Every structure is written in C-alpha cells, then in structure tokens.
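One-letter residues, chain by chain:
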Amino acid sequence: RRMKCKLKRIFTLLIVFIWLLVLLSYFQAPKVQKNTILASSTLDETSYISKTKLSESEDPYHRHKFNQQISDELDSDRPIPDTRPPQCLEESYDKRVSSTSIIITFHNEARSALLRTIKSVLDRTPPRLLMEIILVDDFSANEKDGALLKDLPKIVLMRNDKREGLIRSRLKGVSVAKSSILTFLDSHCEVNVGWIEPLLAKVEQDPLAIASPVIDIIKTDTLEYKASSNYLKGGFDWNMHFIWEPLLEKEMKEQKADSTHPISTPVIAGGVFAVQKQWFNQLGQYDSLLEIWGAENFEISFKTWMCGGSLKIIPCSRVGHIFRKSHPYEFPLGNGHTYLMNVRRVAEVWMDRYKRIFYRARGGNMNEPLPRIKERRLIRERLKCRPFDWYLMEVYPELRVPNVDELAYGEIKQIYKGQSYCLSESKTSKVLAVKCIPKDKKMQWVMSVTGMIQNEKDKCLYASKKRKRISLKDCDNSDFNQHWKFMIRERLRHQATNLCIERKSDGSLLLARCENFSPQQKWSFTTKFLF
C-alpha cells in the first residue's frame, strides 16, 4: 500500500511537471522558424551594422528618433511574441494563393532596423508566397545602406538619384513589381508569424479589398514588441490627423464572437497593406504629386471606399511598427507646409463640400491653385465614385460633422506632468478636471462663435463674479456669465470677469487671474476652427 501511495505521488508530480512545461512553452516567445532561403546569404551582419554605430557621447535618439543603441544590439532574427488571437491558430488558408511583391522604401534608415525588417520577412514568410522584396533607397546619404543588402535572397534593389519621398518611391517599386499582389511595408517593422497568409487570402477572395494587419507596437525606448488591441479601427479628425477609434458596440460584439473576423475601417494607417495590383492601378495608384510623407493613407482610403472597394483590418495578421514621435528626416518645404499641401490635394479631389471644414480647422488658402489636380478628379469621374456624403453616412457615421457656428468641439484637455485631464460633468452636476477617457460623452463640449461652451445635455459652463467656481446652467445666450473666450496662449477666459479657468490639485475648477505661463490654466480642444 505504501508503495502504491508513493507511485501515485510520483505520477501526480510528473503530471504537474509536464503541465508546467506546457504552460512555460505557451508563454515564451515562439522561436523563429528559419527558412532555408537565408542559408545562401553572405552578408556580414555585424560589420554592416557596426559601420554606422554610435559614438560614445552620441544621443541614441538623435539620428532616428528611436533608441538606436538598443536596436543595434538586438539580433536581426530575434524572437517576438505571437500576438494573434487564439482562434487564428485554427485558421487554414488556400495553398494556391498567389505570391506577393513586397515593397519597402527607406531614407537614411537605421541599418539594424532595416535589416530586422527584411530578415523578419524572409524568416516568417513562406518562400512560395514571397516573389520578391523590392527595396527602394530614397537617396540615402550612404548608398551602402541598401547596396550591402542586395545579396540577401529575393532582394531587388533600386535607388533614387534624388530625394523623392515615400509616395513616389513606392510607385517606383510598383513599376517593376512582378506579382499580381502588392504588399507595402515600412522600413522599421517586424512581421509576425503567419502574417502574410490572411492578407493574401483576403485580397484574392475580394479583389476590391485592401487588407491591413493589426499594427503592433515596437517601443521607441526599449524596442520591446507589444500587442495592440484587437478592437480598434482607423479614423481621423477634421484637422486630418489619423487616430485610432474604438469599435462601435455592434462591431465589438462581432469581434468578440469571432476574433478572426475582418474589421471594416474608414481609414488605414498606410504603413503596411496588401492590394491587388490591378485594383491599385485602376484606382490611379497614389497621387505622385504628394510630397515626402503624409496624407497618402487618406487618399487611398477615401477612393477605395468611394469607388466600390473596402478596407479591412485582418486580426490574424500582425506586424510590429516603431511609432516615432517626430520625423528623423527633413522636409524641403517644412513638415507642416508639406503635410498641409498634401492634405489639400486629397481634400480638393475627394471631400466635396466637407473640405471647407478641414480648411476651417487647419487653415490654408482654398483658392491657391494645385498642379495637375484635374487629372486626379478625372480618375474619380471615370470610376463613377460615390460622394463624400455617402462615405460619412455609410462608412464613418461616428465622425461628428460640426455646425457652421461652432468655434471648437471635443474634449477640453489639459496635459500636466504627462497626465491628461479633461473637463467633465460629475455625478452631482459639478464640472471637474478628471483623467481623460476617450470618447466619453461627459467629456464632450462644443464652443460656439458667441463663446458659449455646451455639453451633450445642453448645459453650459457658468461662473459668476461672486462665486468663482465653474458650474453648469441651462444655456442662455443673453447671460454674460456663460460667455468665454479662447485666448492665444490656450487660456479659457471668462468674459464677465476677465479671469481664467484654473485646475486645482483636487480636480476642482476656479476662476483665477490669467497667467500666460501657468500650466494649470492651459487648455486645448480636440478640434478648434479658424475664422
């Protein structure tokens, strides 16, 4: 009997040990399945990266706006966590799906990041699905950044003889692509396991779809690979800034019921997507007069939807991307001016009367001529594309269209020591500054041209000379205690008292003497229009 008990205990411990091993292997980052395609590579990776290493005193963020020192120390084929929803592991794809031409453009990219992008493609893309990697060097200062990579398998190297920018460089890659499916990829990415199969399957099944992966985050400081939410889609505000939007309630239910289900998105981020070459050409490709970087994602998104196609985020495809806070390269005409001109080209062709909202928010001369803009409008006429009204109603109904008498709308936000505080109505109908919650209705405000600040319940911000606390009252345009002015240095000034709204440490709001450089008096709206 003792022997039986001992054997039973040993058997139980063995079972527990086996389960621990299984759990450990589940939580560990999966090992990279190396393709034999890389066996023939003669690239000396250590030498390639060390030629551009940092000096001892050099800021590791200076050149590329992410931590180059850590990037250079990482293995080019480092393992990354499989961030797909578990249901994706049960998916199977038609083995007869076409191969793709992958187009990567770069300009003065960190060699370690560029190499890691290419190696991740070679390591995690089945050879039968990878026709070629078209590498377009957009006139980098060091020609060897690309030239030394040409011996890697399946690389087709091209180099511009002058700086062209992302859009024209991608178009150069398209011009030589052999595959019927194009896949665009930024030069500071890492593709994940099983990334390409669901993208190619989607565009083969639906030739008028553009398929984008879920874009995971590679941190700029540590280069750690982190999973992004499965419940986001792309959107924008009237300043024409790309934003990530939470799914609508119906969409959220669909996604929770089937986490492999493609997500319809009004806009794609634009860095990574797959598209049928024939459909891309039919849409007029990219507008080749978009300069350097910016707004190309809006152009491809608007015309895809409006001309009969669709945009889908594929949850079973994951690609990591380094999101930098600023650009590491120069814009010949300046960052802001270049982006404004690019968005103007998109707005003038695709946004119909709604372009006026963009001009109100961003500024710019509506009457300033744009070169060859008629050519882009002819594409829209030829394809008999729908109006922007249709896009707003059917594709992006949650985008708020402001009234003509609105000066600003959205959250009234203050950023203090890295924390965002937003004006919000409390349960006791007081107005407090609390931690911001995206899209929370209690934090949405509209400021009229007369200076009234109104919430979703048609209550307006109010303060009196005697009682300097901020409260809410039924809106009354004749009540001067409800009138405010948004000052140049982002102060909200009460017109009856000439005092400014100030946030206290407990979140309460008071009127105080206006101080130009007080961070507790600095406020911004999500969208503010120019008059």
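Residues numbered from 1 in each chain as written. Predicted model: local features only at pLDDT ≥ 70, side-chain atom pairs only at ≥ 80, totals over all residues. Heavy atoms only, no water.

### Thoughts on the domain arrangement of the protein chain
By domain assignment, the protein chain separates into domain 1 (45-322) and domain 2 (406-528). Centre-to-centre separation of domain 1 and domain 2, based on C-alpha positions: 41 Å. Across the boundary between the two partners, domain 1 contributes 5 residues, which contact 4 residues of domain 2. Taking both sides of the interface into account, the surface hidden between domain 1 and domain 2 amounts to around 360 Å²; carbon and sulfur atoms contribute 48%. In this structure, the connection of domain 1 to domain 2 is made through 0 salt bridges. For the pair domain 1 and domain 2, the number of links is 1 residue pair in polar contact (both at pLDDT 80 or more). (Domains from an automatic or database assignment. Contact = heavy atoms within 4.5 Å. Buried area = accessible area lost by both parts, 1.4 Å probe. Salt bridge = Lys/Arg side-chain N within 4 Å of Asp/Glu carboxyl O. Polar contact = N/O pair within 3.5 Å; in protein donor to acceptor, adjacent residues only side chain to side chain.)

### A word on the packing of aromatic side chains
Scanning the model with the defined rule gives 18 aromatic pairs in all. Centroid distance Phe 184 to Phe 280: 5.6 Å. Interplanar angle 50°. Geometry classified as tilted. Of this pair, Phe 184 sits in strand β4 (residues 181-185) while Phe 280 sits in helix α9 (residues 277-282); the two residues are 96 residues apart in sequence, bridging distant segments of the chain. Like Phe 184, the residue Phe 280 is buried in the burial classification. (Phe/Tyr/Trp six-rings, centres within 6.5 Å; stacked < 30°, edge-to-face > 60°. Helix = DSSP H or I, 4+ residues; strand = E, 2+ residues; numbered from the N terminus. Buried < 20%, exposed > 50% of the residue type's maximum accessible area, 1.4 Å probe, protein only.)

### Section: the sheet that holds strand β22 (residues 499-503)
Picture the strands of a sheet paired through backbone hydrogen bonds; they go either parallel or antiparallel. Strand order across the open sheet formed by 4 strands is β20-β21-β22-β23, with antiparallel pairing between neighbours. Both outer strands of the open sheet, β20 (484-486) and β23 (509-512), are each paired with one neighbouring strand and no more. Direction aside, the axes of adjacent strands within the sheet are offset by 40° on average. Direction of pairing for strand β21 (residues 492-494) relative to β22: antiparallel, over a ladder of 2 bridges. By the bridge assignment, Arg 493 is partnered in β22 with Cys 500. (Pairing = 2+ DSSP bridges. Axes fitted to C-alpha atoms, helices over the stretch in contact; angles between N-to-C directions.)

### Considerations on the state of the cysteines
What is meant by a disulfide is a covalent connection between two cysteines, made through their sulfur atoms. Taken as a whole and judged by the stated rule, the model has 5 disulfides. Linked covalently through their sulfurs, Cys 88 and Cys 316 form a disulfide whose S-S length is 2.0 Å. Between Cys 88 and Cys 316 the sulfur-sulfur dihedral comes to about -85°; the bridge is accordingly left-handed. On the criterion of sequence distance, the pair formed by Cys 88 in the loop between α3 (68-73) and β1 (100-106) and Cys 316 in strand β12 (residues 310-322) is long-range, its members being 228 residues apart. On the basis of relative accessibility, which here comes to 3%, the residue Cys 316 falls in the buried class. Two residues, Cys 307 and Cys 385, share a disulfide whose sulfurs are 1.9 Å apart. The S-S bond linking Cys 307 to Cys 385 shows a torsion near 100°; that makes this disulfide right-handed. One end of the pair, Cys 307, is in the loop between α10 (296-306) and β12; the other, Cys 385, is in the loop between α13 (373-382) and α14 (388-395), with 78 residues separating them in the sequence. Taken individually, Cys 307 and Cys 385 each receive the classification buried, so the pair is uniform in this respect. Taken N- to C-terminal, the disulfide-bonded cysteines of the protein chain are connected 1-3, 2-4, 5-6, 7-8, 9-10. Considering cysteine sulfurs only, Cys 316 is the nearest to Cys 189, which forms no disulfide, with 19 Å between them. (Disulfide = S-S within 2.5 Å.)

### Some words on the UniProt feature "domain: Ricin B lectin" (unreviewed entry) in the protein chain
The feature "domain: Ricin B lectin" (unreviewed entry), as given by UniProt, occupies residues 409-526 in the numbering adopted here. Helix makes up 0% of residues 409-526 and strand 45%, and the two end C-alpha atoms of the span are 6 Å apart. (UniProt positions renumbered as here; feature names shortened; annotations may be inferred.)

### As for the pattern of salt bridges
What the rule picks out here adds up to 35 salt bridges. Note that Arg 324 is salt-bridged to Glu 109, the shortest N-O span being 3.8 Å. With Arg 324 in the loop between β12 and α11 (335-350) and Glu 109 in the loop between β1 and α4 (111-124), the pair connects residues that are 215 residues apart, well separated along the chain. For the salt bridge of Glu 299 with Arg 376, the shortest nitrogen-to-oxygen distance reads 3.0 Å. Of this pair, Glu 299 sits in helix α10 while Arg 376 sits in helix α13, placing them 77 residues apart in sequence. Taken together, the salt bridges that share partners define one network made up of Arg 78, Arg 116 and Glu 190.

### Focus on the environment of Ala 209
Note on placement: Ala 209 falls in strand β6 (residues 209-218). Here Ala 209 is in contact with Lys 202, Val 203, Ala 274, Trp 279 and Ser 310, once residues within four sequence places are set aside.

### As for the nonpolar core
Counting 58 residues, the largest nonpolar core has Phe 236, Trp 238, Phe 280, Phe 298, Phe 302, Phe 388 and Tyr 391 as its most contacted members. Considering each element in turn, this core owes the most residues, 7 residues, to α11. Dropping the residues within four chain positions of it, Phe 280 is found in contact with Leu 171, Val 174, Leu 182, Phe 184, Val 275, Gln 285, Tyr 286 and Ile 300. Counting residues in hydrophobic clusters, the runner-up holds 34 residues, among them Leu 129, Leu 130, Leu 185 and Ile 196. (Core = buried A, V, L, I, M, F, W, Y, C linked by side-chain atoms within 4.5 Å.)

### A closer look at the side chain of Arg 170
Within the secondary structure, Arg 170 is located in helix α6 (residues 166-176). Leaving out residues up to four positions away in the same chain, Arg 170 has contacts with Ile 103, Thr 105, Phe 184, Leu 185, Asp 186, Gly 270, Gly 271, Phe 273 and Tyr 286.

### Quick word on the side chain of Glu 411
Locating Glu 411 in the fold gives a position in strand β13 (residues 406-416). Excluding residues that lie within four positions of it along the chain, Glu 411 makes contacts with Cys 422, Ile 437, Pro 438, Lys 439, Met 443, Gln 444, Ser 524, Phe 525 and Thr 526.

### A look at unusual backbone geometry
For Asn 108, which is not glycine, the phi dihedral falls at a positive 55°. When you line up the elements, Asn 108 lands in the loop between β1 and α4. On the basis of relative accessibility, which here comes to 31%, the residue Asn 108 falls in the partly exposed class. Phi angles above zero are rare outside glycine, and Phe 139 is one such case at about 55°. Relative to the elements of secondary structure, Phe 139 occurs in the loop between β2 (130-137) and α5 (144-147).

### Examining the packing of α10 against α14
Contact geometry for α10 and α14: axes closest at 10 Å, N-to-C directions at 85°. Overall, the two elements α10 and α14 adopt an arrangement that is roughly perpendicular. Between α10, through Phe 302, Trp 305 and Met 306, and α14, the contact on the second element is made entirely by Phe 388, Trp 390, Tyr 391 and Val 395. Looking at the contact of α10 with α14, its residues break down into 7 nonpolar, no polar and no charged. (Parallel < 35°, antiparallel > 145°, perpendicular 65-115°, else oblique. Nonpolar A, V, L, I, M, F, W, Y, C, P; charged D, E, K, R; others polar.)

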